[in-house]
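# Geometric and topological summary
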Amino acid sequence: MRYIKYSNDKKKLEEILNTEQRFKNVERSAVEIVNAVTKSNMKIEEGKESVDMCLAIQEMKEESRIEGREEVKKSFMVKYKKSEQETEELMKIYWK
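### Some words on the pattern of salt bridges
Following the criterion strictly, the structure yields nine salt bridges and no others. Across the pair K73 and E84 runs a salt bridge whose closest N-O atoms are separated by 3.1 Å. Linking K73 in helix α4 (residues 53-80) with E84 in helix α5 (residues 84-94), this pair joins segments that are 11 residues apart in sequence. Look at K73 and you get buried, because its relative accessible area is 6%. In this structure, a network of salt bridges that share partners links the residues E70, K73, E84 and E88.

Structure follows, in structure tokens:
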């Protein structure tokens, strides 16, 4: 599969996901194999027999962004001895 082939090349992977229609409707079993080989952890909804890999990858990227923000927030709170509320207010102002 091309997804597996380019799983370490983010630019190429994003390019093929955005240009090739076959990634809009991928069989559940194929996504399970991709997850196992690439450790992608794409979510597969119960009862669905196909997955929109483009959407699944966008969701994974958003989850990673949220996790990264939380890690930075925690580090900032510890380093500068700020409360969670103070930190969130500063993030709203300075981190867009």
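The rest of the description comes next.
### Quick word on the side chain of N35
Within the secondary structure, N35 is located in helix α3 (residues 28-38). One polar contact links the side chain of N35 to the main-chain amide nitrogen of N41, over a distance of 3.2 Å. Look past the residues within four positions of N35 in its chain and what remains in contact with it is S40, N41, M42 and I44.

### Some points on the nonpolar core
Counting 16 residues, the largest nonpolar core has Y3, L17, F23, M42 and M53 as the members making the most contacts within it. For this core, the secondary-structure elements that each account for two or more residues are α2 (10-19), α3 and α4. Counting residues per element, this core draws most heavily on α4, which supplies four residues. Dropping the residues within four chain positions of it, F23 is found in contact with R2, Y3, I16, L17, V51, D52, M53 and C54.

### Regarding unusual backbone geometry
One non-glycine residue with positive phi stands out, namely N41, at about 60°. Examined against the element boundaries, N41 turns out to sit in the loop between α3 and β2 (50-51). Of note in the backbone geometry, K81 takes a positive phi value of approximately 50° without being a glycine. When you line up the elements, K81 lands in the loop between α4 and α5.

Reading guide: rules and limits
Residues numbered from 1 in each chain as written. Predicted model: local features only at pLDDT ≥ 70, side-chain atom pairs only at ≥ 80, totals over all residues. Heavy atoms only, no water. Salt bridge = Lys/Arg side-chain N within 4 Å of Asp/Glu carboxyl O. Helix = DSSP H or I, 4+ residues; strand = E, 2+ residues; numbered from the N terminus. Buried < 20%, exposed > 50% of the residue type's maximum accessible area, 1.4 Å probe, protein only. Polar contact = N/O pair within 3.5 Å; in protein donor to acceptor, adjacent residues only side chain to side chain. Contact = heavy atoms within 4.5 Å. Core = buried A, V, L, I, M, F, W, Y, C linked by side-chain atoms within 4.5 Å.

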